[in-house]
Amino acid sequence: MPMLHTVNKSPFEHQVLETCLRFARPGSSVLLIEDGVYAAAKGTAVSARLAEALKTVKVYALVADLAARGMQNRVMDGVRLVDYGGFVDLVAEHDAVQSWL
Amino acid sequence: MAEEDGGGTVKRFLYVNRKAPHGTIYAHESLEVVLIGAAFEQDVSLAFVGDGVYQLVKGQDTKGLESKNFSPTFRALEDYDVTKLYVEQEALEARGLGEADLVVPVQVVSAARLAEIMEAQDVVLSF
């Protein structure tokens, strides 16, 4: 059954996103929160990696965390934006949540 | 290195900012220390390295987090005679950012140049 993965670390200073994507099976969902949302920006050194992941998993980013970091207008195509209510919905819709800290 | 300046010794201080602004408290704490230190009339420089460059990104809106948006405070540094802000060029490029995306005027320098600047300091504080 599909799993929800959350990533809260910057992809530039940590390996967390890379580890998560290695374990995220096709059809699962990845929610970027806190400093994890920097991975959603277009035109960066990790954009190609995320674009590759988008072929097999759904990627979401928390709007409040994007806005706090000035990243709200830099999100790459294919990444879906969710608010806190959407975060709760994602948790409810998936069988299990794995928080990659 | 340090030179006498009337009442006291003036040292070269470099604050190295390496963390993104809101995920941890480091960035905000660093800025607090810089502002306090500025009152002592030292020769202060700031470096933004790696994710530290995110501290200066325009358009930060923290209402949704109910935490303080301290990015406008960087614009006040000039009033404290803190005008030497160095930003790592490689870090900006890796993050798809340019000078126009930042809240204050900075000097964009290569990591190699920044390393030279670091070596020229009396005190380096890393956050």
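Residues numbered from 1 in each chain as written. Chains lettered and ligands numbered in written order. Predicted model: local features only at pLDDT ≥ 70, side-chain atom pairs only at ≥ 80, totals over all residues.

A short note on the confidence of the model for chain B
For clarity, the cut-off: Looking at any residue, its pLDDT shows the predictor's confidence there, from 0 to 100.
When pLDDT is averaged along chain B, the result is 94; 94% of the residues meet or exceed 70. Quick note on the complex model: pTM equals 0.94, ipTM equals 0.94.

Digging into the interface of chain A and chain B
Here is the rule we go by: A pair of residues counts as a contact when their C-beta atoms, built from backbone coordinates, are separated by no more than 7 Å. Classification used: nonpolar for Ala, Val, Leu, Ile, Met, Phe, Trp, Tyr, Cys and Pro, charged for Asp, Glu, Lys and Arg, polar for all others including Gly.
Contacts between the two partners involve 17 residues from chain A, matched on the other side by 18 residues from chain B. Across the side of chain A that touches chain B, the residue classes break down as eight nonpolar, four polar and five charged.

A few points about the sheet that holds strand β7 (residues 123-126) of chain B
Residues and elements named next belong to chain B. Applicable threshold: A pair of strands is treated as paired once DSSP finds two or more bridges between them. Under the scheme used here, helices are H or I runs from DSSP no shorter than 4 residues and strands are E runs no shorter than 2 residues, and both carry numbers assigned from the N terminus. Note on method: axes are straight lines fitted to C-alpha atoms, helices fitted across the in-contact stretch only, with angles between N-to-C directions ranging 0 to 180 degrees.
If you trace the five strands from one edge of the open sheet to the other, you get β6-β5-β4-β3-β7, paired in parallel fashion. Taken across any chain shown, the strands that pair with only one partner, and hence form the sheet edges, are β6 (107-109) and β7. In this sheet, adjacent strand axes meet at a mean angle of 25° when their direction is disregarded. Of the pairings in the sheet, the one linking strand β5 (residues 84-88) to β6 comprises three bridges and is parallel in character. Bridge assignment links tyrosine 86 to a residue of β6, and that residue is glutamine 107. Along the sheet, helix α1 (residues 26-38) makes contact with β3 (12-17) and β4 (43-48), crossing β3 at roughly 165°. Against the sheet, helix α3 (residues 111-119) engages β3, β4, β5, β6 and β7, with an angle of about 140° to β5.

Some points on the pairing of β3(B)
Residues and elements named next belong to chain B. Inclusion rule: Exposure criterion: with C-beta atoms placed from backbone coordinates, a residue whose C-beta has 20 or more other C-beta atoms within 10 Å is buried, one with 12 or fewer is exposed, and one in between is partly exposed. By convention a crossover is right-handed if, when the strands point away from the viewer, the path from the first strand over the helix to the second runs clockwise.
Counting buried residues along β3, five of its six residues qualify, which places the element largely inside the surrounding structure. Of the pairings in the sheet, the one linking β3 to β4 comprises six bridges and is parallel in character. What sits directly across from phenylalanine 13, in β4, is valine 44. What joins β3 to β4 is α1, and the crossover it makes is right-handed. In this structure, β3 lies alongside β7, joined through four bridges in parallel fashion. Looking at β7, one finds that phenylalanine 13 is bridged to valine 123.

A closer look at unusual backbone geometry
We note that B:Glu41 has phi near 50°; this positive angle belongs to a residue other than glycine. Judged by the 14 C-beta atoms lying within 10 Å of it, B:Glu41 is partly exposed.

Describing the environment of B:Val108
Residue and element names in this part refer to chain B. You can see valine 108 is positioned in strand β6. For valine 108, a count of 20 C-beta atoms within 10 Å gives the class buried. Note: C-alpha distance between valine 108 and leucine 31 (77 residues apart in sequence) is 19 Å.

Some details on the environment of A:Ala92
With respect to the element layout, A:Ala92 can be found in helix α4 (residues 84-93). Residues A:Ala92 and A:Leu4, spaced 88 residues apart in sequence, show a C-alpha to C-alpha distance of 9.7 Å.

Some remarks on the environment of B:Gly98
Looking at the secondary structure, you find B:Gly98 in the loop between α2 (89-94) and β6. Residue classification places B:Gly98 among the exposed positions, given that 10 C-beta atoms sit within 10 Å.

Section: the sheet that holds strand β4 (residues 80-82) of chain A
Residue and element names in this part refer to chain A. Taken in spatial order, the five strands line up as β4-β3-β2-β1-β5 in an open sheet, and their pairing is parallel. Of all the strands in the sheet, the pair left with one neighbour each is β4 and β5 (96-100). Put simply, the sheet's adjacent strands are angled 25° from each other on average, direction ignored. Where strand β2 (residues 29-32) meets strand β3 (residues 58-62), four bridges bridge the pair, whose relative direction is parallel.

Quick word on the pairing of β2(A)
Residues and elements named next belong to chain A. The pairing of strand β1 (residues 3-7) with β2 spans four bridges and is classified as parallel. Note that in β2 the partner of leucine 4 across the bridge is serine 29. Handedness of the crossover joining β1 and β2 through helix α1 (residues 16-23): right-handed. Handedness of the crossover is the feature at issue here: the chain leaves β2, passes through helix α2 (residues 47-53), returns alongside β3, and the resulting connection is right-handed.

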